[in-house]
Amino acid sequence: EELVRSLGADETVNYREQEVFETMREANKSFDIIYDTVAAGKSVWDGAASGVLASGGRLITITGDVQRALDVPDLLTRGYQIV
């Protein structure tokens, strides 16, 4: 956590201690960038789409989503980009 904050992160969530997207919703904020390296929560895509990723925000994941197929039209409708 200390390292990530030293690199400029305003908020961090320790997935080993907290349910990531629930914690983010409770903060009542939207985030411009969500960087996921561990497939946090039940589903990364559903979690990000639950109001925590700002419109035009970026969800960066190296894990994909093993819960279901990626719904590209849904993501584009929400204003997300796929890079």
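Residues numbered from 1 in each chain as written. Predicted model: local features only at pLDDT ≥ 70, side-chain atom pairs only at ≥ 80, totals over all residues. Heavy atoms only, no water.

Draft legend 1. Layout of the overall build of the chain. On a plain count of helices and strands, the chain comes out with 4 helices and 2 strands. Ordered by position from N to C terminus, the α and β elements of the chain give α-α-β-α-β-α. Taking all 83 residues of the chain together, 25% fall into the buried category. Partitioning the intrachain contacts of the chain with sequence separation of at least 6 by distance along the chain shows that 38% fall at a separation of at least 24. When the accessible surface of the chain is totalled, it reaches about 5,900 Å², and 49% of it is carbon and sulfur. (Helix = DSSP H or I, 4+ residues; strand = E, 2+ residues; numbered from the N terminus. Buried < 20%, exposed > 50% of the residue type's maximum accessible area, 1.4 Å probe, protein only. Contact = heavy atoms within 4.5 Å. Areas by Shrake-Rupley, 256 points an atom, 1.4 Å probe, with all protein chains shown as cover.)

Draft legend 2. Examining the pattern of salt bridges more closely. With the rule as written, the count across this model stands at 2 salt bridges. The salt bridge partner of Lys-29 is Glu-11, with a shortest N-O separation of 2.7 Å. Here Glu-11 lies in the loop between α1 (2-6) and α2 (20-26) and Lys-29 lies in the loop between α2 and β1 (31-36), a separation of 18 residues in the sequence. Assessed through its relative accessible area of 43%, Lys-29 is described here as partly exposed. (Salt bridge = Lys/Arg side-chain N within 4 Å of Asp/Glu carboxyl O.)

Draft legend 3. Just the layout of surface pockets, in detail. Size it by volume and the largest pocket reaches roughly 890 Å³. As for the largest pocket, its lining consists of 24 residues, of which Val-4, Glu-11, Thr-12, Val-13 and Tyr-35 are closest to the centre. Of all the secondary-structure elements, those providing two or more residues to the lining of the largest pocket are α2 and β1. In terms of residues, the lining of the largest pocket owes the most to one element, β1, which gives 6 residues. Grouping the amino acids of the lining of the largest pocket by side-chain chemistry returns 13 nonpolar, 5 polar and 6 charged. (1 Å grid on protein atoms, 1.4 Å probe; cavity = no way out; pocket = protein on both sides within 12 Å on 5 of 7 lines; lining within 4 Å. Points joined across faces, edges and corners; volume = space filled by probe spheres on them. Nonpolar A, V, L, I, M, F, W, Y, C, P; charged D, E, K, R; others polar.)

Any link to function would need more than the numbers given here.
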